[in-house]
Amino acid sequence: NAGVTQTPKFRVLKTGQSMTLLCAQDMNHEYMYWYRQDPGMGLRLIHYSVGEGTTAKGEVPDGYNVSRLKKQNFLLGLESAAPSQTSVYFCASSYASGAYNEQFFGPGTRLTVL
Amino acid sequence: AQSVTQLGSHVSVSEGALVLLRCNYSSSVPPYLFWYVQYPNQGLQLLLKYTTGATLVKGINGFEAEFKKSETSFHLTKPSAHMSDAAEYFCAVSDQRDSSYKLIFGSGTRLLVRP
């Protein structure tokens, strides 16, 4: 099993460009999450999904959109990138159960917006 | 709203010394509690978690943590540090009443291990 994979690993964008980050999991998890990690701030939740076809906003959703058309995939989109979106982005997934809600993380995507 | 405070953005210990990383949470109801470790240029890996039951939780790599409700704390310890423990450690909480099981993370503590 590959677990949680993220594509791409690195990306450099110019201000105003758009891109999509892909997260895929092969553990049949119901729940998926997108976080951003910035120095000294830990990880902050951008958007999440509790099932195929559903999405919800997290703590820092502005400037991002998401889609969950298939259970195994969770896409994060930046429509018009800004330098403030320079960060490391992590995807995670988990079972839909409180006692077993360990989140499994992908390796991350390092995004730089110039 | 829940929050997590990790005291000390950097902790430095000698190899073989006790490791103590502090985590306090703010919540009206005891949450689920987690410690994750992040090695350089990698994703996060679960060290241990507390959901219910025994308040002393053992994890991987010799780490353990104790949930103390009266102190709203979940400090991470390891009796003897190894060079391979050098990494960043994150404490996180999840609200038992929230069916989305979102995690709220602390700001992280970077552990440095001196030879």
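Refer to the preceding data block for the structure.
Residues numbered from 1 in each chain as written. Chains lettered and ligands numbered in written order. Predicted model: local features only at pLDDT ≥ 70, side-chain atom pairs only at ≥ 80, totals over all residues. Heavy atoms only, no water.

A. Expanded view of the nonpolar core. Residue and element names in this part refer to chain B. Core analysis: the biggest nonpolar cluster contains 27 residues, and Trp35, Leu48, Leu76 and Tyr89 have the highest contact counts within it. Of all the elements in the fold, those that place two or more residues in this core are β2 (10-14), β3 (19-21), β5 (32-38), β6 (44-50), β8 (64-68), β9 (73-78), β10 (87-94) and β12 (109-114). It is β10 that contributes the most residues to this core, four residues altogether. Excluding residues within four positions of it along the chain, Leu48 makes contact with Leu33, Phe34, Trp35, Val57, Lys58, Gly59, Phe63, Glu64, Ala65, Phe74 and Leu76. (Core = buried A, V, L, I, M, F, W, Y, C linked by side-chain atoms within 4.5 Å. Buried < 20%, exposed > 50% of the residue type's maximum accessible area, 1.4 Å probe, protein only. Helix = DSSP H or I, 4+ residues; strand = E, 2+ residues; numbered from the N terminus. Contact = heavy atoms within 4.5 Å.)

B. Local environment of unusual backbone geometry. Of the consecutive residues Thr7 of chain A and Pro8 of chain A, the connecting peptide bond is found in the cis state with omega at -5 degrees. Looking at where Pro8 of chain A falls in the secondary structure, it is placed in the loop between β1 (4-7) and β2 (10-13). Positive phi is not limited to glycine here, since Asn41 of chain B has a value of about 60 degrees. Position of Asn41 of chain B relative to the elements: it lies in the loop between β5 and β6. Judged by relative accessible area, which is 70%, Asn41 of chain B ranks as exposed. The phi angle at Thr72 of chain B is positive, at roughly 45 degrees, despite the residue not being glycine. Secondary-structure assignment places Thr72 of chain B in the loop between β8 and β9.

C. Fine view of the sheet that holds β1 of chain A. Residues and elements named next belong to chain A. Taken in spatial order, the four strands make up an open sheet running β1-β3-β8-β7, and their pairing is antiparallel. Of all strands in the sheet, those bounded by a partner on one side alone are β1 and β7 (65-67). Shown here is a sheet whose adjacent strand axes are inclined to one another by a mean of 20 degrees, direction ignored. As paired elements, β7 and strand β8 (residues 73-78) share three bridges and run antiparallel to each other. Directly across from Ser67, in β8, lies its bridge partner Leu75. (Pairing = 2+ DSSP bridges. Axes fitted to C-alpha atoms, helices over the stretch in contact; angles between N-to-C directions.)

D. A look at the state of the cysteines. Residue and element names in this part refer to chain A. Inspection of the entire model under this criterion finds two disulfides over all chains. Paired through a disulfide, Cys23 and Cys91 show a sulfur-sulfur distance of 1.9 Å. Taking the torsion about the sulfur-sulfur bond, which here is approximately -75 degrees, the covalent link between Cys23 and Cys91 counts as left-handed. Of the two residues, Cys23 sits in strand β3 (residues 19-25) while Cys91 sits in strand β9 (residues 87-94), which places them 68 residues apart along the sequence. (Disulfide = S-S within 2.5 Å.)

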